[in-house]
Amino acid sequence: MEFTKSIFVLITVCTICVLAERKYEVKHFTGCQSAGLCCEQVNNTCYVPNSRKIDQTVGNCFCDSKCLQMKDCCVDFEQTCQAKDCIMGEWSEWSQCSNSCGRGRKHRKRAIIQERAFGGKTCPTATKSKKSCYGEYGCLQQSVEYSREEMAEVGYIMPANFSIYRVSKHYSPQHDIRKNLFFKNFQDNIIPRKPAYSAVYKVTHVGRACQRSPWANVLQKHAEVCVECQPTSMNKRLERCTGHGVFHQETTWKAISVRNCHGKWKMITHHDFKTCNHQGNHDFVLV
């Protein structure tokens, strides 16, 4: 009876030992591939215990990208964790100019197709690029589509010498007759998106009231005058001055602060990015 009982206990213990061994069996890895390890930079947790190193010794071998310097890589590190250089995509096409009618910028970009890994070449910092441009695709002046709108507009003018606010406080736009227009169209620290432009006009009709003005009396029939559009007078939506005319077409003008002084003129030169003579008698600005 005692013998039978001892045999039963022995079998039970052995069964428990086998089950425990199966339950807590520890898988042994032989290198980076079997352990599924490949790590960036120095990583002290990225190692395989009791495995062969590249120097053929056995111990804790590592699978991080610095192990080659430390000379403690697993034997299969270079094969399993090959260095991967950064791969960049091609540059995209240049975007349209940010300003549809005037100075602006174009942009392009490229994507990172593959990030560097395991000590490969790093990606360049430049993934975006820009350059200056001059947009003309959205200019409304002289566009056939908008000529009817421009034909109906009236150009309000004043002498060009009133516009020398850059060198004279007396004619500053914050003080002269244009101050309301200046603060309506512009705010502090806003850089004009388009430079000044001008054209030459030939007067075809003029009211008698203009003769009473010391500056508007030069607006006589057949007289040729230079008229300038300055950034501070440009309409934000149109990015141009209202009433700047249409090439070889007759449009209307009015003199600021001269009662009943108005007439018609014909633009005889195309708009050009030049300014008029701010000291001349036959030079005016649109407001």
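Notes on the structure in this doc start here. All figures in this text were calculated on a predicted structure; none of them were measured in a lab.

1. Description of the nonpolar core
The biggest cluster of nonpolar side chains holds 24 residues, and the ones touching the most others in it are Ile 157, Ala 216, Leu 219, Val 227, Trp 253 and Phe 284. The set of elements that each furnish at least two residues to this core consists of strand 8 (197–206), strand 9 (224–229), strand 10 (250–255), strand 11 (262–267) and strand 12 (283–286). At 4 residues, strand 8 tops the list of elements feeding residues into this core. Setting aside residues up to four positions removed in sequence, Ile 157 forms contacts with Trp 215, Leu 219, Val 227, Trp 253, Lys 254, Ala 255, Ile 256, Trp 265, Phe 284, Val 285 and Leu 286. Residues Cys 32, Val 48, Phe 62 and Cys 67 belong to the second largest nonpolar core, which totals 14 residues.

2. Description of unusual backbone geometry
Of note in the backbone geometry, Asn 50 takes a positive phi value of approximately 50 degrees without being a glycine. Unlike most non-glycine residues, Asn 260 shows phi in positive territory, near 65 degrees. With respect to the helices, strands and loops of the structure, Asn 260 is situated in the loop between strand 10 and strand 11.

3. Describing the sheet that holds strand 11
Here 6 strands make up a closed barrel; going around it, the order is 7-10-11-8-9-12 and the pairing mixed. The mean angle between the axes of side-by-side strands here comes to 45 degrees, regardless of whether they run parallel or antiparallel. Summarising the sheet, strand 7 (residues 154–159) and strand 10 pair through 4 bridges and their orientation is parallel. Across the sheet, residue Ile 157 finds its bridge partner in strand 10, namely Ala 255.

4. Section: the pairing of strand 11
Here strand 11 shows a clear split, with Gly 263, Trp 265 and Met 267 buried on one side and none of His 262, Lys 264 and Lys 266 buried on the other. As paired elements, strand 8 and strand 11 share 5 bridges and run antiparallel to each other. Across the sheet, Val 203 pairs through a bridge with Trp 265, a residue of strand 11. Pairing of strand 10 with strand 11, which is carried by 5 bridges, proceeds in the antiparallel orientation. Bridging across to strand 11, Glu 250 finds its partner in Lys 266.

5. Some thoughts on the state of the cysteines
Under the definition given, this model contains 9 disulfides. Paired by a disulfide, Cys 61 and Cys 74 hold their sulfur atoms 1.9 Å apart. Torsion about the S-S bond of the Cys 61 and Cys 74 cystine: about 80 degrees, corresponding to right-handed handedness. Pair noted here: Cys 61 is in strand 2 (residues 58–62) and Cys 74 is in the loop between helix 3 (67–70) and helix 4 (77–80), with a separation of 13 residues, a long-range link. Here Cys 61 falls in the buried class, since its relative accessible area comes to 0%. Since its relative accessible area comes to 0%, Cys 74 is described here as buried. Paired by a disulfide, Cys 86 and Cys 123 hold their sulfur atoms 2.0 Å apart. In this structure, the disulfide formed by Cys 86 and Cys 123 twists by about 105 degrees around the S-S bond and is classed as right-handed. Note that Cys 86 is positioned in the loop between helix 4 and strand 3 (87–88) and Cys 123 in the loop between strand 5 (112–114) and strand 6 (128–135), a separation of 37 residues in sequence.

About the thresholds
Residues numbered from 1 in each chain as written. Predicted model: local features only at pLDDT ≥ 70, side-chain atom pairs only at ≥ 80, totals over all residues. Heavy atoms only, no water. Core = buried A, V, L, I, M, F, W, Y, C linked by side-chain atoms within 4.5 Å. Buried < 20%, exposed > 50% of the residue type's maximum accessible area, 1.4 Å probe, protein only. Helix = DSSP H or I, 4+ residues; strand = E, 2+ residues; numbered from the N terminus. Contact = heavy atoms within 4.5 Å. Pairing = 2+ DSSP bridges. Axes fitted to C-alpha atoms, helices over the stretch in contact; angles between N-to-C directions. Disulfide = S-S within 2.5 Å.

So, to be careful, I would describe these as geometric facts and stop short of saying anything about function.
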